[in-house]
Amino acid sequence: DQQVKQNSPSLSVQEGRISILNCDYTNSMFDYFLWYKKYPAEGPTFLISISSIKDKNEDGRFTVFLNKSAKHLSLHIVPSQPGDSAVYFCAATGVRADKIIFGKGTRLHILP
Amino acid sequence: GAGVSQTPSNKVTEKGKYVELRCDPISGHTALYWYRQSLGQGPEFLIYFQGTGAADDSGLPNDRFFAVRPEGSVSTLKIQRTERGDSAVYLCASSLRPNQGTEAFFGQGTRLTVV
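Residues numbered from 1 in each chain as written. Chains lettered and ligands numbered in written order. Predicted model: local features only at pLDDT ≥ 70, side-chain atom pairs only at ≥ 80, totals over all residues. Heavy atoms only, no water.

Caption draft 1: Seen up close, the state of the cysteines. Residue and element names in this part refer to chain B. Applying the stated criterion to the full structure yields 2 disulfides over all chains. Between the sulfur of Cys23 and that of Cys92 lies a disulfide, 1.9 Å long from S to S. Its torsion about the S-S bond being -70°, the disulfide of Cys23 and Cys92 is classed as left-handed. Pair noted here: Cys23 is in strand β3 (residues 19-24) and Cys92 is in strand β9 (residues 88-95), with a separation of 69 residues, a long-range link. When its relative accessible area of 0% is taken as the criterion, Cys23 is described as buried. (Disulfide = S-S within 2.5 Å. Helix = DSSP H or I, 4+ residues; strand = E, 2+ residues; numbered from the N terminus. Buried < 20%, exposed > 50% of the residue type's maximum accessible area, 1.4 Å probe, protein only.)

Caption draft 2: Structural context of unusual backbone geometry. Residue Pro79 of chain A is reached from Val78 of chain A by a cis peptide bond, and omega for that bond is -10°. Take Pro79 of chain A: it is sitting in the loop between β8 (72-77) and β9 (86-93). Put simply, Thr7 of chain B and Pro8 of chain B share a cis peptide bond, and its omega is -10°. Secondary-structure assignment places Pro8 of chain B in the loop between β1 (5-7) and β2 (10-13). Positioned with a positive phi, Ala41 of chain A is a non-glycine residue whose angle comes to about 65°. The residue Ala41 of chain A is located in the loop between β4 (32-38) and β5 (45-51) in this model. When its relative accessible area of 67% is taken as the criterion, Ala41 of chain A is described as exposed. Backbone geometry at Lys71 of chain A places phi at a positive 50°, although glycine is not the residue there.

Caption draft 3: Broad picture of the layout of surface pockets. Of the pockets and cavities examined, the largest pocket occupies roughly 630 Å³. Around the largest pocket sit 28 residues that line it, and Lys38 of chain A together with Gln37, Leu39, Val89 and Arg111 of chain B are the ones nearest its centre. Elements that contribute at least two residues to the lining of the largest pocket include exactly β9 and β11 (106-111) of chain A together with β9 and β11 (110-114) of chain B. No other element matches the 4 residues that β11 of chain B contributes to the lining of the largest pocket. In the lining of the largest pocket, the residues fall into 10 nonpolar, 13 polar and 5 charged. What the second largest pocket holds in volume is close to 400 Å³. Along the walls of the second largest pocket sit 20 residues, with Ile101 and Phe102 of chain A together with Pro43, Glu44 and Phe45 of chain B positioned nearest its centre. Listed by contribution, the elements that provide at least two residues to the lining of the second largest pocket are β10 (101-102) of chain A together with β4 (31-37) and β5 (44-50) of chain B. Within the lining of the second largest pocket, the residues separate by chemical class into 6 nonpolar, 9 polar and 5 charged. (1 Å grid on protein atoms, 1.4 Å probe; cavity = no way out; pocket = protein on both sides within 12 Å on 5 of 7 lines; lining within 4 Å. Points joined across faces, edges and corners; volume = space filled by probe spheres on them. Nonpolar A, V, L, I, M, F, W, Y, C, P; charged D, E, K, R; others polar.)

Caption draft 4: Region of the structure containing the sheet that holds strand β7 (residues 65-68) of chain B. All names here are of chain B. What the 4 strands build is an open sheet, ordered β1-β3-β8-β7; its pairing is antiparallel. In this open sheet, the two edge strands, each paired with only one partner strand, are β1 and β7. Taking the axes of each pair of neighbouring strands and ignoring which way they run, one obtains an average angle of 15° across the sheet. Relative to strand β8 (residues 75-79), β7 runs antiparallel, the two being bridged by 4 bridges. Paired with Ala67 across the strands is Leu77, a residue of β8. (Pairing = 2+ DSSP bridges. Axes fitted to C-alpha atoms, helices over the stretch in contact; angles between N-to-C directions.)

Structure, rendered in structure tokens:
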């Protein structure tokens, strides 16, 4: 039973436009939500997180939005750049934050 | 070292053999995590160490899998009687403080192929 779901395996966006990656979760006990970015042959790299008590967190070109009632979060990247092409994982942790539950990932292609 | 180091980067083994995968965490990081990523999937939690002890091993799929961290630094993931379904990328991560999985830094992974 997948607790964190990323229903879009891939997404293509024109360079300079906004990229929106979506994620749904089922466990209302999650305390923190995270986005990781992964390039081929590398480990995941932490990108941005949001606490369950907030609805928005912004860091430069990256903004994460959380809708707790819908159990949905999204990552917005604006403007999209070629180096943003990677696999993005949505993830979540409980109060103890001792393990991270990952989604299957969305492969983002930034088109020139 | 500057980051989490995993060796070997690639390992090919025959079905039924025993393998060991090594993780060198970032110096001073007390928490260490093992994850497994199969093709087309996200990383799946296996085990979490706080110091030398396994604080949570609920993700280990069966008793063929075992991990140790005897001195609270380097960790070894051991797989006995390997099966083809064990083929995956095994990821190690470490964090400075326990129960701070949100700040975990990942290594590049060991790609295990069982033939």
